[in-house]
Amino acid sequence: MSDAPEAGAPLPRQRRHTLFFLEVIRDFSPVFLDTEIDMSRVLAHRAAAQASEGVRYSTTSYVLRAAGRVLAKHPDANAAVSGGPLRPRIAHYPFVNGKVALDRVLDGRRVVLGTIVPDVHEAELPAIQDHLARIRDGDPEKLPEFEGVRKLHRAGWTEGRRAFRKAAHSLALRPHLNGTFAVTSLGHRAVDSFQSVGGTTTTFGVGRVLDRPVVRDGRIVVAPVLRLSLAFDHRVIDGAEAADVLTEVKEALESV
């Protein structure tokens with residue numbers, strides 16, 4: 001006889017925000033693209049900045065900066081839709097906010113938390129990196145940015161679910177709670193590429209930078225390559241514009 005209980009234990013309350021999020025993005029119609037980026041110039045820029053400024057910029061910071069500037073030129077991609085299939089409504093935003101997913105420990109449990117980097121279409125690398133470092137190094141049980149999540153965990157299941165859905169469906173609140181685009185990275189581990197839906201019209205998935213063969217001037221050489229994915233919501237934009245966005249981000253990173 002097994003000693004396992006017949007009924008499972010309640011889901012940890014620290015995972016409620018993830019389940020609520022997955023519920024509200026079921027209306028998304030994601031399509032996935034990917035590309036390879038020669039990171040030689042990014043790594044050279046990072047090494048020079050570390051030597052001169054003593055700061056090591058993350059790959060995520062470079063992607064945020066590049067994507068923010070590209071999306072500012074593509075207002076249809078810097079938008080959000082709400083209202084379901086019967087009465088959909090769309091909002092275009094005059095600013096670009098980037099959401100970054102972070103692996104943190106909250107109340108003793110490993111969870112994913114998101115931080116919003118505001119106005120990345122104008123922000124420079126030091127400001128972006130400072131924001132990410134403050135969130136990465138701060139205590140998620142005390143940081144004001146996560147008070148909403150902590151409050152959600154303290155609330156009952158029904159109350160929390162209702163509050164989350166109300167906020168998520170607000171086109172006015174969404175860019176400040178969820179960003180106008182998202183970046184998620186697993187490049188710190190042995191992950192070459194992956195596809196993710198971050199609850200925004202565009203989500204960039206960042207894998208690891210790895211030496212790979214590339215062709216330069218007709219010769220095969222070894223260069224540091226990043227595989228970057230883009231998931232886009234087909235309700236908002238079509239594949240041609242999404243391809244333009246991904247290509248322009250690639251060009252921006254390769255010309256740092």
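Anything mentioned here points back to the structure above.
Residues numbered from 1 in each chain as written. Predicted model: local features only at pLDDT ≥ 70, side-chain atom pairs only at ≥ 80, totals over all residues. Heavy atoms only, no water.

A. Just the packing of helix 3 (residues 59-72) against helix 4 (residues 125-137), in detail. At a minimum axis distance of 9 Å, the contact between helix 3 and helix 4 shows a crossing angle of 125 degrees. It follows that helix 3 is oblique to helix 4 by the angle criterion. Once helix 3 is placed against helix 4, the crossing between them reads as right-handed. Taking contact as the criterion, the partners of Thr60, Ser61, Tyr62, Leu64 and Arg65 in helix 3 are, on helix 4, Leu125, Ile128, Gln129 and Leu132. Broken down by class, the residue content of the contact of helix 3 with helix 4 amounts to five nonpolar, three polar and one charged. (Axes fitted to C-alpha atoms, helices over the stretch in contact; angles between N-to-C directions. Helix = DSSP H or I, 4+ residues; strand = E, 2+ residues; numbered from the N terminus. Parallel < 35°, antiparallel > 145°, perpendicular 65-115°, else oblique. Left-handed = near helix turned anticlockwise from the far one by under 90°. Contact = heavy atoms within 4.5 Å. Nonpolar A, V, L, I, M, F, W, Y, C, P; charged D, E, K, R; others polar.)

B. The packing of aromatic side chains, seen in detail. One pass over the full model with this rule turns up five aromatic pairs. Here the aromatic rings of Phe20 and Phe164 are separated by 6.0 Å at their centres, their planes lie at 50 degrees, and the arrangement is tilted. In this pair, Phe20 sits in helix 1 (residues 16-24) while Phe164 sits in helix 6 (residues 157-168), placing the two residues 144 residues apart along the sequence. Taking the centre distance of 5.9 Å and the plane angle of 40 degrees together, the rings of Tyr93 and Phe95 count as tilted. Comparing Tyr93 with Phe95, the two get one shared label, buried. Taken together, the ring pairs in this structure connect Phe20, Trp157 and Phe164 into an aromatic cluster. One cation-aromatic arrangement involves Arg235 over Phe28; the distance from NZ or CZ to the ring centre is 5.0 Å. (Phe/Tyr/Trp six-rings, centres within 6.5 Å; stacked < 30°, edge-to-face > 60°. Buried < 20%, exposed > 50% of the residue type's maximum accessible area, 1.4 Å probe, protein only. Lys NZ or Arg CZ within 6 Å of the ring centre and 35° of its normal.)

C. Molecular detail of the pairing of strand 2 (residues 79-82). Alternating positions in strand 2 separate into two faces, Ala79 and Val81 on one and Ala80 and Ser82 on the other, with burial throughout. Where strand 2 and strand 3 (residues 89-92) come together, four bridges link them in antiparallel fashion. Bridge pairing links Ser82 to Arg89 in strand 3. Here strand 2 folds back onto strand 3, and the loop between the two strands holds six residues, one of which, Gly83, carries a positive phi near 110 degrees. (Pairing = 2+ DSSP bridges.)

D. The arrangement of the nonpolar core in detail. Counting residues in each nonpolar core, the largest one holds 46 residues, and the members touching the most others are Leu64, Phe181, Phe204, Val249 and Leu253. Here the element with the most residues in this core is helix 3; it accounts for seven residues. Excluding residues that lie within four positions of it along the chain, Phe181 makes contacts with Leu64, Ala67, Gly68, Leu71, Val96, Asn97, Gly98, Lys99, Val120, Thr200, Thr202 and Phe204. (Core = buried A, V, L, I, M, F, W, Y, C linked by side-chain atoms within 4.5 Å.)

E. Structural detail: the side chain of Thr59. Within the secondary structure, Thr59 is located in helix 3. Setting aside chain neighbours within four positions, we find Thr59 in contact with Met39, Arg46, Val206, Val209 and Leu226.

F. Structural detail: the sheet that holds strand 1 (residues 30-38). Pairing within the open sheet is mixed, and its six strands lie in the order 1-8-7-6-4-5. Strand pairing shows two members of the sheet lacking a second neighbour, strand 1 and strand 5 (109-117), which therefore form its edges. Going from strand to strand, the sheet's axes swing by 35 degrees on average, the running direction of each strand aside. Here three bridges tie strand 4 (residues 98-106) to strand 6 (residues 181-185), and the two strands are oriented parallel to one another. For Val100, the partnering residue across the bridge sits in strand 6 and is Val183. The sheet strands contacting helix 3 are strand 4, strand 5, strand 6, strand 7 (202-216) and strand 8 (219-233), and the helix crosses strand 6 at an angle near 160 degrees.

G. Here's a closer look at unusual backbone geometry. Unlike most non-glycine residues, Asp107 shows phi in positive territory, near 55 degrees. A positive phi angle, close to 55 degrees, is found at Asp217, a residue other than glycine.

H. Highlighting a nonpolar patch on the surface. Taken together, the side chains of Leu11, Leu19 and Trp157 present a nonpolar region at the surface, about 260 Å² in accessible area. With respect to the helices, strands and loops of the structure, Leu19 is situated in helix 1. A relative accessible area of 32% means that Leu19 is categorised as partly exposed. (Patch = residues over 30% accessible without salt bridge, like charges linked within 9 Å, V, L, I, M, F, W, Y side chains within 5 Å. Areas by Shrake-Rupley, 256 points an atom, 1.4 Å probe, with all protein chains shown as cover. Salt bridge = Lys/Arg side-chain N within 4 Å of Asp/Glu carboxyl O.)

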